[in-house]
Number of protein chains: 2
Amino acid sequence: MGNVVDDLIARVFDDVRSLDAGEVADYIPELAAVAPDSFGICLATIDGYVYEIGDSRHPFTIQSISKPFTYALALADRGAEAVDAKIDVEPSGEPFNEISLDPLTERPRNPMINAGAITAASLVTGADQATRFERIRAAYSRYAGRELPFNEAVYESEARTGHRNRAIGHMLRSFDVISGDPNDAVDLYFRQCSIDVTCRDLSLMAATMANNGVNPLTRERALTAVGVEQVLSVMSTCGMYDGAGKWLVEVGLPAKSGVGGGVMAVLPGQIGIAVYSPRLDAHGNSVRGVAAAKALSKELELHFLHVTRASRSSIRARYNVTQAPSRVRRTPTEQAVLEDVGKRSRIYELHGDLLFTGAESAVREIGSVDEGLEVVVIDVRRVDDASDVAIRMITALRTQLADKGCAVALVDPSGLLGQASSSINPAQRGGRVFADLDAAMAWCEDALLTLHCSQQRQPASMSIEDHPVLDALSPKQVSAFVSQLESRTYARGETIARRGDAASGFYLILQGQVSTTFTDVQGLTHRIATLSAGMTFGEMTMFLNSRFLNDVRADTTVVVAVLTTARYNELTSAAPELKLALLESLASGAYEQLDMTLRSVIGAGRI
Amino acid sequence: MGNVVDDLIARVFDDVRSLDAGEVADYIPELAAVAPDSFGICLATIDGYVYEIGDSRHPFTIQSISKPFTYALALADRGAEAVDAKIDVEPSGEPFNEISLDPLTERPRNPMINAGAITAASLVTGADQATRFERIRAAYSRYAGRELPFNEAVYESEARTGHRNRAIGHMLRSFDVISGDPNDAVDLYFRQCSIDVTCRDLSLMAATMANNGVNPLTRERALTAVGVEQVLSVMSTCGMYDGAGKWLVEVGLPAKSGVGGGVMAVLPGQIGIAVYSPRLDAHGNSVRGVAAAKALSKELELHFLHVTRASRSSIRARYNVTQAPSRVRRTPTEQAVLEDVGKRSRIYELHGDLLFTGAESAVREIGSVDEGLEVVVIDVRRVDDASDVAIRMITALRTQLADKGCAVALVDPSGLLGQASSSINPAQRGGRVFADLDAAMAWCEDALLTLHCSQQRQPASMSIEDHPVLDALSPKQVSAFVSQLESRTYARGETIARRGDAASGFYLILQGQVSTTFTDVQGLTHRIATLSAGMTFGEMTMFLNSRFLNDVRADTTVVVAVLTTARYNELTSAAPELKLALLESLASGAYEQLDMTLRSVIGAGRI
């Protein structure tokens, strides 16, 4: 039993196999000698997986399917302008081997008819004929991901009998479309047509085009993205000889066929398809090749103008720091201020592809926010890709908001928007760039507190006597408690406790910042909370005699006073009312801590 | 200061405005009378927002831009086969008003030249000429989202001077391409060309095509998706008269122009563009219209063959129930079994668009799992859209896995895959369909427990004497404790506690299921845990004298024994060692509960 996709392709294969019309090309004996009922279909994905059925590894000459690849090489060698000056890109109503040029432009109508293909071959650079051909063969091989062999016998036959193509060569020379010896260009064309490929090779060559010019297996670049766009455009209108319009309506895929029996089709960004079957129709296209391409396009819904739905919004979530606070614990005063002014902040999480349309809907919404807004965070961690225009649009938006007095931070750990440097360049107006959302949200809260919290903010350090935990104890309890504490200092980055560690004490932070983190199945570390001077940790674990749920680490140099578990046990048996008093003192704090964890983890629908 | 996108369009507008070549159409006085330097650009998004600059609301006659819309109406009225029998879809190298048919097929070459457009008009159904025209005008109005007016003066002039079109009409009649009076078809064509539009209207008509045939403002369907695909295909190759190939290379958007000075272009799934400027080039296309379309395509990167990157994997996360358990609390025995056999389960979360390519990568990975796999959950909640072939592929995958003895559940609350019924139809092999992931994961765990947990499973109900909490108490403590308990029964769906409620007691579940849930900023309710007989809740809140963090609700009829806060206070002052004994008993359970919450919320990277 095959894979689900194997089964889909097998059904098309079985349906199309019954077609036995058409004749094998017989203008040279080598082509006439093939098994006429050979038939293979391959479908290559852009991650390099190839579905194969039938005669998928049977070699045959590439023939006219070579045309887009040599055209691509000419574009790379000479540039689009120089190539456009020699070859038009208009569909032609004439047979592929017509000995004529466009009467108006006096150029070949397109690079997919022989006149255009010979001209393209003449534009490939190289010191001599051998070098030029080797460059062509090597280029095709990059698309296929293996060294493609040259079929000497087919070439000899083609060269011996190709008078019509020689006539085209001389005509091109007479109109100065090609310079130099026209026989060289025609010879190069005969040679390129005589490169052997298999159906599997062709599917990978198509997949390389689908993958923006990068071979899915070798990861080697065969062509630039701009080149791919032009070649696929020309294949869309000129690839299947006559009937280009019908092909676009019925199949809707840029494609190319050859008299060797191959047909290749490309779904940009997605897959490459190849069919091999040597019986040809009157146009010179493989009968089963055309039928299989049509059936696959229909069955698999591959038409490149097929739109199933409207593109979705690029903003996946919007909220403020009141609705979803950062994981930095704040003092009660700070919390009250943030509760009040949090609505002057806005966090936007973007997702998907940020091309023009996605960027448009995002900047439209973000740019039209109320006057009162003071801080904006734009999180692009879930954006898969951003086009140049989208990057320019986001940059312009940041400047506009800055002009209105609204600070903007980006969360862009991979530097997708190319603005990582702005965090250290104060001259850049756009604002800061953060690697993680929580740090940006903490910055956002800090910005609001700087503007609106006139009262004393959280001190950077304190003595044990000023620690708020002591407020609930009587003077006698304070002295009993403080005398039992140990002072400890942790270096920046040091681990204080690991998930699973037994309770080790009740920690009162006197200086520095501590983070609790959780590492998930995929090895990603999530911050649960960031604590600073005046806050505590370890107490719940100790009271419940359980184990640490999270890793605890020093973000900076950290000074703590610790009541170890052993001392705690001694103390509570000696002074049991102290345990109760501590419990009272810590209960509401524990509630807030749990609550903030819940809100920050799932508060904004970020689950 | 405009919006960021306004600025981008304004730059193109300013650049193109300097072009003052070309002549206004003057074959009738009404067309010659326009202001030759009028110029407007509109860009309409598929959510109905229109960017406008310049003379965007100035009326002009639609002229040839009517052709795709009447062709679409003919396709809807007669079906593609009947229309294809009368009008080819091949690009033509000839002028738009050529009095000739394809010599081979004896049909107009395409519906964008006059011969094809007159034929399309003849195929519109309706009892009489007035009805037919009213159907055309109403159809155009659906695309524009407003009633489009008829310009009597232009029509009169066109009708008076249109001898060439009448010649085409009679030629079509002589070849039996149209039946009936050819003057009727030509008259209909003159009338459709004389409908007044603005640049804004045209951009919305284009956006309607981009939006798969649904008007973005009125949400009214103007054309089926299949019709849109065919019309856009023809516009791609035949929309801009001569130079279709060049247009595709340079602009890469299906488009149509008219001698009234309008140009309309469509980026499928994304936006509609319109330009108005009446000076025409030699082909009859608006000079600034063509230039602006080119500049917008280049600036905004709109070429429809532009692929910026490979499509991403459709599987966003994969894990098993050991790595990320369901939120149903299990007994220690059950937990141990799940720890051991959890690797025989697999949860796959899919995302993005599930077209062929996305479905292919998903079924390839899911279908190739190890032989030992027993339960699979496929979560499609984050899939934006699924094509028919993708649905067939997932269905086939479910059958294949079932044949291998692997049960499969879908999480598909919106019925995207159209298989909601399978959960109640045991004949359907694919397995169950769930509305939320956690229910599916609980089912997944239940399936593993049924196969692998030979020991007594969690009982559905128990007497208070069997409740595991009592295990840690002495016989004397048990009787002291049990005597203080109240029995309560809650109906299915009843709320037991709300977030923010003060501690109300220590609840021992004797029968039924209870869920704790959290409602986020966006009003979505997330389940934190599901508890059943033998488990407890409320104790942490009570011991810490704090408030409920979550809502607690009865999923079924629930029987609990409750130690109220008042009784607890009495009891602990009378027997303080009982409080300590209870704390001991509950500590490890509390740890597990918190840990499971963390793992289930962020365990599998689902944060």
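Thresholds, definitions, all that
Residues numbered from 1 in each chain as written. Chains lettered and ligands numbered in written order. Predicted model: local features only at pLDDT ≥ 70, side-chain atom pairs only at ≥ 80, totals over all residues. Heavy atoms only, no water. Axes fitted to C-alpha atoms, helices over the stretch in contact; angles between N-to-C directions. Helix = DSSP H or I, 4+ residues; strand = E, 2+ residues; numbered from the N terminus. Left-handed = near helix turned anticlockwise from the far one by under 90°. Contact = heavy atoms within 4.5 Å. Nonpolar A, V, L, I, M, F, W, Y, C, P; charged D, E, K, R; others polar. Buried < 20%, exposed > 50% of the residue type's maximum accessible area, 1.4 Å probe, protein only. Pairing = 2+ DSSP bridges. Arc of directions from axis to C-beta. UniProt positions renumbered as here; feature names shortened; annotations may be inferred. Salt bridge = Lys/Arg side-chain N within 4 Å of Asp/Glu carboxyl O.

Caption draft 1: Molecular detail of the packing of helix H1 (residues 4-17) of chain B against helix H13 (residues 287-299) of chain B. Residues and elements named next belong to chain B. In contact at an axis separation of 10 Å, H1 and H13 are set at 140 degrees when each is read in the N-to-C sense. Crossing handedness for the pair H1 and H13: right-handed. Where H1 abuts H13, its residues Leu8, Arg11, Val12, Val16 and Arg17 lie against Arg288, Ala291, Ala292, Ala295, Leu296 and Glu299. Of the residues assigned to the contact of H1 with H13, the class counts are 7 nonpolar, no polar and 4 charged.

Caption draft 2: Spotlight on unusual backbone geometry. All names here are of chain A. The backbone of glutamate 106 sits at a positive phi, close to 55 degrees, despite the residue not being glycine. Turning to its location among the elements, glutamate 106 is positioned in the loop between helix H4 (80-84) and helix H5 (114-122). You can call glutamate 106 partly exposed: its relative accessible area is 42%. Despite not being glycine, glutamate 301 shows a phi value in the positive range, around 55 degrees. Structurally, the position occupied by glutamate 301 is in the loop between helix H13 (287-300) and strand E10 (315-319). What makes glutamate 301 partly exposed here is its relative accessible area of 22%.

Caption draft 3: Focus on the sheet that holds strand E17 (residues 505-511) of chain A. All names here are of chain A. If you walk across this open sheet you meet the 4 strands as E15-E22-E17-E20, and the pairing is antiparallel. With one partner strand each, in any of the chains shown, strand E15 (486-490) and strand E20 (536-537) form the two edges of the open sheet. Relative to strand E22 (residues 558-564), E15 runs antiparallel, the two being bridged by 5 bridges. The partner of serine 487 across the bridge, within E22, is alanine 561.

Caption draft 4: Quick peek at helix H14 (residues 332-341) of chain B. Residues and elements named next belong to chain B. For H14, every residue scored as buried is listed here: Glu334, Val337, Leu338 and Val341. Viewed along the axis of H14, the buried residues span an arc of 100 degrees, placing them on a single side of the element. In H14, those exposed residues whose orientation departs by more than 90 degrees from the buried face are Pro332, Glu339 and Asp340. Where H14 is buried, its residues contact strand E11 (345-354) and helix H17 (437-452).

Caption draft 5: Focus on the UniProt feature "binding site: substrate" (unreviewed entry) in chain A. Residue and element names in this part refer to chain A. Residues annotated by UniProt as "binding site: substrate" (unreviewed entry) correspond here to Ser64, Asn114, Glu158, Asn165, Tyr189, Tyr241 and Val259. The residue tyrosine 189 is located in helix H9 (residues 182-193) in this model. Once you skip the residues sitting within four places of it in the chain, tyrosine 189 turns out to touch Ser64, Lys67, Asn114, Ala117, Ile118, Ala121 and Asn165.

Caption draft 6: Region of the structure containing the pattern of salt bridges. In the structure shown here, the tally under the stated rule is 50 salt bridges over all chains. Where A:Arg137 meets A:Glu134, a salt bridge forms, and the shortest distance between an N and an O atom there is 2.8 Å. Placement of both A:Arg137 and A:Glu134 in helix H6 (residues 129-144) is noted, with a separation of 3 residues, approximately one turn of the helix. The exposure class assigned to A:Arg137 is buried, which follows from its relative accessible area of 13%. Between B:Arg330 and B:Asp446 there is a salt bridge, with its nearest N and O atoms 3.0 Å apart. Here B:Arg330, found in the loop between strand E10 (315-319) and H14, pairs with B:Asp446, found in helix H17; they are 116 residues apart in sequence, far enough to count as distant. Because the salt bridges share partners, they merge into one network encompassing A:Asp37, A:Arg279 and A:Arg288.

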